[in-house]
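# Summary of the model geometry
Here is how the chains run, residue by residue.
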Amino acid sequence: MKRLSGYDVLLSALRAWGVKLCTGVTGGGLLHFLQNLEPHPGQREAPSAEESPRFFTLGEYAAGFVPLGSYLATGELGCCLATTGAATKLVACALSDAKVHDLPAVFVVPLSSAKTQGLSPLQDTSVLGSNIVPQLQAELPGGVFVLDQPTHVLSQLRQAQHRLEQSKPIVLVIEPTLLKLSTGEETCAFSPLRPPEPKPEQLRTFVKTFHAAAKGRRIVILAGEELARVPLAPKLTTRLCEQLGASLVWSINGANGVERQNPWGHGYISFGGNDAAMEVWRSLGEDDVLLVLGACPDEYTVNLQPYPAGKTFVLTSIEEGYGQVDGSFAHRARHEFHQWVTPLDSALHALVEHLEQHPTRTRRAIHAPANLNHTPRSPPRPGFVDMRQLFSRLDNLWAPGTLGFDDVCLSYKDRQYVTQRPHPNARFFSLYRSSAMGNVLGLCVGARLSSPDSHIVGFTGDGCFRLFSGCLSEARNLDLLLFVLDNASYGLVEQALPTILPGLPASRGHSQLTPLEFGDVARACGWVAFDLNPELTNLDAILSLHRARTGQSILVTIPADSEQVLGLNPRAGNL
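Quick notes on the rules
Residues numbered from 1 in each chain as written. Predicted model: local features only at pLDDT ≥ 70, side-chain atom pairs only at ≥ 80, totals over all residues. Heavy atoms only, no water. Helix = DSSP H or I, 4+ residues; strand = E, 2+ residues; numbered from the N terminus. Rg over C-alpha atoms; globule rule 2.2 N^0.38 Å. Buried < 20%, exposed > 50% of the residue type's maximum accessible area, 1.4 Å probe, protein only. Lys, Arg positive; Asp, Glu negative; His and termini not counted. Charge placed at Lys NZ, Arg CZ, Asp CG, Glu CD. Salt bridge = Lys/Arg side-chain N within 4 Å of Asp/Glu carboxyl O. Phe/Tyr/Trp six-rings, centres within 6.5 Å; stacked < 30°, edge-to-face > 60°. Pairing = 2+ DSSP bridges. Axes fitted to C-alpha atoms, helices over the stretch in contact; angles between N-to-C directions. Contact = heavy atoms within 4.5 Å. Polar contact = N/O pair within 3.5 Å; in protein donor to acceptor, adjacent residues only side chain to side chain. Parallel < 35°, antiparallel > 145°, perpendicular 65-115°, else oblique. Left-handed = near helix turned anticlockwise from the far one by under 90°. Nonpolar A, V, L, I, M, F, W, Y, C, P; charged D, E, K, R; others polar.

Here we come to the overall build of the chain. Looking only at helices and strands, the chain features 19 helices and 18 strands. In summary, the chain has a C-alpha radius of gyration of 24 Å against a globular reference of 25 Å for 575 residues, a match within 12%. Across the 575 residues in the chain, those meeting the buried criterion constitute 61%. Averaging the positions of the 48 positive and the 54 negative side-chain charges in the chain gives two centres separated by 4 Å.

Shown next, in the form of structure tokens:
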């Protein structure tokens, strides 16, 4: 039998892990690997399992976010490849977001050839050049696997698989010429990725401990972003609130684990947070119990503050997740703390079933008000779109199967503030922990190619647009709908400056941008483009065109007023 090369083993692993899509730019140390892949057909057809993975050409900065969009849309693992040398830096922003949001993804980075060591080659990745391996190891400790010994490739990829199963991204550093050599193996078999398994005894302990602590106390539930990965989470959280009479608040992405009609749902907290949710959160004290479903003690959720309840229970499915210290979030709690690392779906089912059979008396909360905001907000200046009206109108128009992404712009603060509750037809995500501007195109491409039947929508800012606009051509036929908030400024910074530096002259804020005709850029790249009328008179027609699936992507420029302040930005007070 033919003995397998390192590339044969790598392809076998990617197929077993369910990778259907690889993306990036060819060249340099990727040539020997990419010769094994067919081009991805885009939206025209879905490749069969035997044909996958396939390669979709996209500039590296945007390409880095494609596997993240794929996973958020479908739970499907994706792969980004960067050519040798500087391209690795371009995918590093997405790698950071994958790390801090605990998103599994595969990044492949080639070294310069071992034959050129000491010869100062182009794209030098050695210690004399970019010294790329230590840089990656500093970014992702334990997640970088250097595949430079063919006989060790099989064992290293099995270790890498374990990291993926823990919801961690991995970097596979390949030595292009050495991987062509034989591994000494005639066959290799990788198993599909296996999610963590529940531990029945651990679940029984959690349920009993929580049941005892809840008796006679007020319960508040915080829905974290891990909950978005549990398919039945919205119905389970509603049932849990009913059983406990518990108020429910949620993080930006945790909203995907909540039902809109949950009567105990008080809204988003902190960044872009709702007044009702913030009142619940600020009222937590030593007599209360906080149940955190999918831990998210990040700055945009809890504003650098500890969990304030007298008893905090954290459920997380991720070992050593971002923000944990020695495998625990105990350092983030002000008082008594309990944590269980277990699959969230099994823990939720176990708790709901236990409370069904053994109800407990708690201090039941009142239902949330219909309007979760009561603080007055000013309209925009004449000639601009009122973002309150726009987000409200859109919230009434989303088609079933909508997947949306908010870039690092005013939208990822204001959209949730205005809409208040998650939409039954739409799931929205934001990669806010690393806050890499310009992520939205890659996320939308990844979502589209992994979920071709979905309606893919993105919101971006005029500053973010500059980071991915050169890649619009590759997405021209993907049926994307992209809104650009055009305020000729870095709007988030402009709104925060009066809090951070009161009295600062506008010229010293450096937040202004040169105006740009976004529609002209998009049309030049093969997109359909519209300017949204300030009165929103053409909004319905734009959405109808998107739902018609013409095959062309659509860009919509929104004349936005950076002086219209909507969602909260508590982070400004931390700067």
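This next bit is on helix α14 (residues 411-419). Because each turn of an α-helix spans 3.6 residues, side chains separated by three or four positions end up pointing in the same direction. Across the nine residues that make up α14, a large majority, nine, are buried. Along α14, the residues classified as buried are S411, Y412, K413, D414, R415, Q416, Y417, V418 and T419. Within two residues after α14, Q420 carries a phi angle of roughly 70 degrees, on the positive side.

Counted according to the given criterion, the structure contains 20 salt bridges. With its nearest N and O atoms 3.7 Å apart, the salt bridge here joins K20 to E76. Residue K20 is found in the loop between α1 (6-16) and β1 (21-24), and its partner E76 is found in the loop between α4 (66-74) and β3 (79-81); the two are separated by 56 residues along the sequence. Overall, K20 belongs to the partly exposed group, its relative accessible area being 38%. Residue classification places E76 among the buried residues on the basis of a relative accessible area of 17%. The residue D414 makes a salt bridge to K413 at a minimum N-O spacing of 2.8 Å. Accessibility assignment for this pair places D414 and K413 in one class, buried. When salt bridges that share partners are traced, they join R218, D288 and R363 into one network.

Another point: the packing of aromatic side chains. The relative placement of two aromatic rings is captured by the distance of their centres and the angle of their planes. In the structure shown here, the tally under the stated rule is 20 aromatic pairs. With 6.2 Å between their ring centres and 5 degrees between their planes, F313 and W340 make a pair best called stacked. Here F313, found in strand β11 (residues 311-316), pairs with W340, found in strand β12 (residues 336-341); they are 27 residues apart in sequence, far enough to count as distant. For the residue pair F313 and W340, the accessibility class agrees, reading buried in each case. Between W398 and F459, the aromatic rings sit 6.5 Å apart at their centres with planes inclined by 80 degrees, giving edge-to-face as the arrangement. Taken as a pair, W398 in the loop between α13 (387-395) and β13 (402-406) and F459 in strand β15 (residues 455-461) lie far apart in primary sequence, 61 residues in all.

Turning next to the sheet that holds strand β7 (residues 218-223). With parallel pairing, the six strands of this open sheet are ordered in space as β9-β8-β7-β10-β11-β12. A single partner strand is all that each edge strand has here, and the edge strands are β9 (265-268) and β12. Each strand of the sheet is rotated relative to its neighbour by a mean of 15 degrees, with strand direction disregarded. Across the sheet, helix α8 (residues 200-214) is in contact with β7, β10 (288-293), β11 and β12; its angle to β12 comes to roughly 155 degrees.

In space, the six strands of this open sheet follow the order β2-β1-β3-β4-β6-β5, with parallel pairing throughout. The open sheet is flanked by β2 (54-57) and β5 (144-147), the only strands paired with a single partner. Between one strand axis and the next, the sheet turns through 25 degrees on average, direction left out of account. In this sheet, β2 lies alongside β1 in parallel orientation, the contact comprising four bridges. Note on β2: the bridge partner recorded for T23 is F56. Packing of helix α7 (residues 153-165) onto the sheet brings it into contact with β4 (106-110), β5 and β6 (170-174), and relative to β5 it is tilted by some 165 degrees.

Before going further, it helps to examine the environment of E259. Tracing the sequence through the fold places E259 in the loop between β8 (247-250) and β9. Taking the relative accessible area as the measure of exposure, E259 reaches 13% and is therefore buried. Only 2.6 Å separates the side chain of E259 from the side chain of T238, close enough to count as a polar contact.

This paragraph deals with the side chain of R448. Looking at the secondary structure, you find R448 in helix α15 (residues 440-450). No salt bridge is formed by the buried R448; its nearest oppositely charged neighbour, D479, is found at 5.3 Å. Looking at R448, its side chain comes within polar contact range of the main-chain oxygen of P452, at 3.1 Å.

Taken across its eleven residues, α1 has eight buried, putting it largely inside the fold. Regarding α1, the residues found buried are G6, Y7, V9, L10, L11, S12, A13 and L14. Against the buried residues of α1 lie α2 (31-34), β4, α7 and β6. Looking at the residues trailing α1, positive phi occurs at G18, about 85 degrees.

Looking now at the packing of helix α5 (residues 87-100) against helix α6 (residues 132-139). Two elements in contact, α5 and α6, have axes whose closest approach is 11 Å; the angle formed by their N-to-C orientations is 20 degrees. The orientation of α5 relative to α6 falls into the category roughly parallel. In terms of crossing hand, the pair formed by α5 and α6 is right-handed. Listed contacts from α6 to T88, K89, L95, S96 and K99 of α5 are I132, Q135, L136 and E139. Grouping the amino acids of the contact of α5 with α6 by side-chain chemistry returns three nonpolar, three polar and three charged.

It is worth stressing that arrangement in space is one thing and function is another; only the former is reported here.
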